[in-house]
Amino acid sequence: MAKKTIAVVGATGAQGGGLVRAILADASGEFAARALTRDVSSEKAKALAKLGVEVVAANIDEPASVRSAFEGAYGAFCVTAFWEHFSPEKEAAQARAMARAAKEAGVKHVVWSTLEDTRKWVPLTDARMPTLQGKYKVPHFDAKGEANGAFTELGVPTTFLNTSFYWDNLIHFGMGPKKGPDGKLAFVLPMGDKKLPGIAAEDIGRCALGVFKRGKEFVGRTVGVAGEQPTCGQMAAALTKALGREVRYNDVPPDVFRGFGFPGAQEIGNMFQFYRDFEADCCAARSVEVSRSLNPRLQTFDAWLAANASRIPLE
Ligand SMILES: NC(=O)c1ccc[n+]([C@@H]2O[C@H](COP(=O)([O-])OP(=O)(O)OC[C@H]3O[C@@H](n4cnc5c(N)ncnc54)[C@H](OP(=O)(O)O)[C@@H]3O)[C@@H](O)[C@H]2O)c1
């Protein structure tokens, strides 16, 4: 039987890349990946082509290119790259372009990588956290949650995939333990004693493949994914064990975290406060059990650390 093509936005990135690798590793051979990229000549795009993946040029800022890239595909994985531009409006426009392209191309199943619109929990009038960019609490969450409507309004058969905090942020996003003035390592987050649903970025794409495989069961549904839901104290203990050096969890108030001054500090402070203040809802929305049923290789934090702790910069 001919393989069903899944057009993968972000195929050269973390989430989409995980999906492409999961499709290639899937013994059933049910699907073939079509990788979308703005630059087919980049090293990452060429590496995908070398693995036998169909690589096509498309830019989600240019709707016609997405429409062509989705043509003939059974499925589409849609993701946006907020941290490239920090613009919720741009993210929303990109989501609309992907939804429209999927509709016009007759795609049978879209998996849209999304997050909660936090304003349903923290309205703009709620002063516990600052309003950002005029009308958001956590712009990269809110814009994605609001953009869910682009898919539903057009009647696109969609699964809304709520993702979680990548543990890879400890490597790539400067969120690993830092040496304090006393020379000791501290893991600094404004999470109190609450649980933070987290995941190995690679596992998101593997879970997305599980959603595509179970097809109709998940169309029209929201599914959240997490590898584990440790507290930050538990994460510090796991880091201590994996690194062989003491790592302390330093709980700071969200206002202090927002004042750290790195690009996006306010937004990320709001995001952690959302996870902290609405722990029960955030955890319930991201079942580890469901995630494992979609992806039997799902990693725990300890398993992720066993493979990746040596890559965490500690200075
Ligand atoms: N970090 C976290 O903890 C976390 C947790 C949950 C959700 N998220 C969300 O994850 C999203 C990013 O996903 P990721 O981590 O998989 O991305 P990533 O690794 O940063 O890679 C970005 C991908 O997006 C593609 N891309 C960017 N702009 C594009 C455009 N205009 N047209 C076509 N493709 C474009 C890039 O492809 P080319 O460069 O090849 O074109 C690349 O493959 C963000 O929106 C973020 O909010 C992050």
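Asks: I would appreciate a short explanation of the overall build of the protein in the present structure.
Replies: When you go through the protein residue by residue, the secondary structure sums to 13 helices and twelve strands. Relative to the 2.2 N^0.38 estimate, which gives 20 Å for 315 residues, the radius of gyration of the protein is 19 Å and therefore close to what a compact globule would have. Each principal axis of the C-alpha atoms in the protein carries an extent, and together these give about 60 × 45 × 35 Å. Residue burial in the protein is summarised as follows: out of 315 residues, 55% are buried. A fraction of 77% describes how many contacts in the protein between residues 6 or more apart in sequence connect residues 24 or more apart. Each charge sign in the protein was given a centre, from 39 positive and 35 negative side chains, and these centres are 3 Å apart.

Asks: What is the right way to read the sheet that holds strand 9 (residues 185–189) from this model?
Replies: Strand pairing in a sheet relies on backbone hydrogen bonds. The paired strands run either parallel or antiparallel. If you trace the three strands from one edge of the open sheet to the other, you get 8-9-12, paired in mixed fashion. Looking at which strands have only one partner, the edges of the open sheet turn out to be strand 8 (178–179) and strand 12 (247–251). Alignment of strand 9 against strand 12, held across five bridges, turns out to be parallel. Paired with Ala186 across the bridge in strand 12 is Arg248. Contacting strand 9 and strand 12, helix 8 (residues 232–243) runs over the sheet at an angle of about 160° to strand 12.

Asks: Looking at this model, I keep getting lost on the environment of Arg286. Mind explaining?
Replies: With respect to the element layout, Arg286 can be found in the loop between helix 11 (279–284) and helix 12 (288–294). We classify Arg286 as buried; its relative accessible area is 0%. C-alpha separation for the pair Arg286 and Phe173, spaced 113 residues apart in sequence, amounts to 22 Å. Those residues within four positions of Arg286 in sequence are excluded, and the remaining contacts are Leu115, Glu116, Phe141, Asn162, Thr163, Ser164, Pro197, Gly224, Val225, Ala226, Gln229 and Tyr275.

Asks: Explain the site of the ligand here, please?
Replies: Close to the ligand lie 27 residues, the nearest being Thr12, Gln15, Thr37, Thr80 and Tyr166. Within the backbone of Thr80, a nitrogen or oxygen atom sits 2.7 Å from an oxygen atom of the ligand. At 2.7 Å from an oxygen atom of the ligand is found a side-chain nitrogen or oxygen belonging to Tyr166. In isolation the ligand offers 930 Å² of accessible surface; the protein chains occlude 84% of this area. Mapped by element, the contributors of at least two residues to the shell around the ligand are helix 1 (14–25), helix 4 (88–105), helix 5 (139–153) and strand 7 (165–166).

Asks: Just checking my understanding: could you explain the pairing of strand 3 (residues 54–57) for this structure?
Replies: Regular strands have side chains that alternate between both faces of the sheet. Here four bridges tie strand 2 (residues 31–37) to strand 3, and the two strands are oriented parallel to one another. Within strand 3, the residue paired with Arg34 across the bridge is Glu54.

Asks: Quick question: what am I supposed to make of the pattern of salt bridges here?
Replies: Side-chain pairs of opposite charge can arise whenever the charged atoms involved come near each other. Using the criterion set out here, one finds 24 salt bridges in the structure. Note that Glu104 is salt-bridged to Arg67, the shortest N-O span being 3.5 Å. Separated by 37 residues along the polypeptide, Glu104 in helix 4 and Arg67 in helix 3 (residues 63–70) bring together distant segments of the chain. On the accessibility criterion, Glu104 (45% relative accessible area) is partly exposed. Taking the shortest distance from any N to any O, the salt bridge between Asp142 and Arg119 comes out at 3.8 Å. Placement of Asp142 in helix 5 and of Arg119 in the loop between strand 5 (109–114) and helix 5 is noted, with a sequence separation of 23 residues between them. For the pair shown, Asp142 and Arg119 are each scored as buried.

Cut-offs applied
What you see as residue numbers is a count from 1 along each chain, following the sequence as written. Local features in a predicted model are, by the rule used here, given only for residues with pLDDT of at least 70; side-chain atom pairs are given and counted only at 80 or more, and totals for whole chains, interfaces and linings are based on all residues. Hydrogens are left out, water is left out, and the side-chain values use all remaining heavy atoms of the structure. Helix numbers and strand numbers start at the N terminus; a helix is a DSSP run of H or I with at least 4 residues, a strand a run of E with at least 2. The size measure is the radius of gyration over C-alpha atoms, and the globule rule it meets is 2.2 Å times the number of residues to the 0.38 power. The buried label applies to any residue whose accessible area, calculated with a 1.4 Å probe on protein chains only, is under 20% of its type's maximum; exposed applies above 50%, and partly exposed to all values in between. Any two residues whose heavy atoms approach within 4.5 Å at even a single point are treated as in contact. Asp and Glu count as negative and Lys and Arg as positive, but His and the ends of the chain are not part of the count. A charged residue contributes its charge at one atom only: NZ of Lys, CZ of Arg, CG of Asp or CD of Glu. Two strands make a pair as long as DSSP finds a minimum of two bridges between them. With axes taken as lines fitted to C-alpha atoms, and helix axes fitted only over the stretch in contact, angles between N-to-C directions fall between 0 and 180 degrees. The near set for a molecule or strand comprises every residue that places at least one heavy atom within 4 Å of it. For this analysis, a polar contact is any N or O atom pair within 3.5 Å, provided that within protein one partner can donate a hydrogen and the other can accept it, and provided that sequence-adjacent residues contribute only side-chain to side-chain pairs. Using a 1.4 Å probe, accessible areas were evaluated by the Shrake-Rupley method; residue-level cover was limited to the displayed protein chains. Basic side-chain nitrogens of Lys or Arg form a salt bridge, by our definition, when they fall within 4 Å of a carboxyl oxygen of Asp or Glu.

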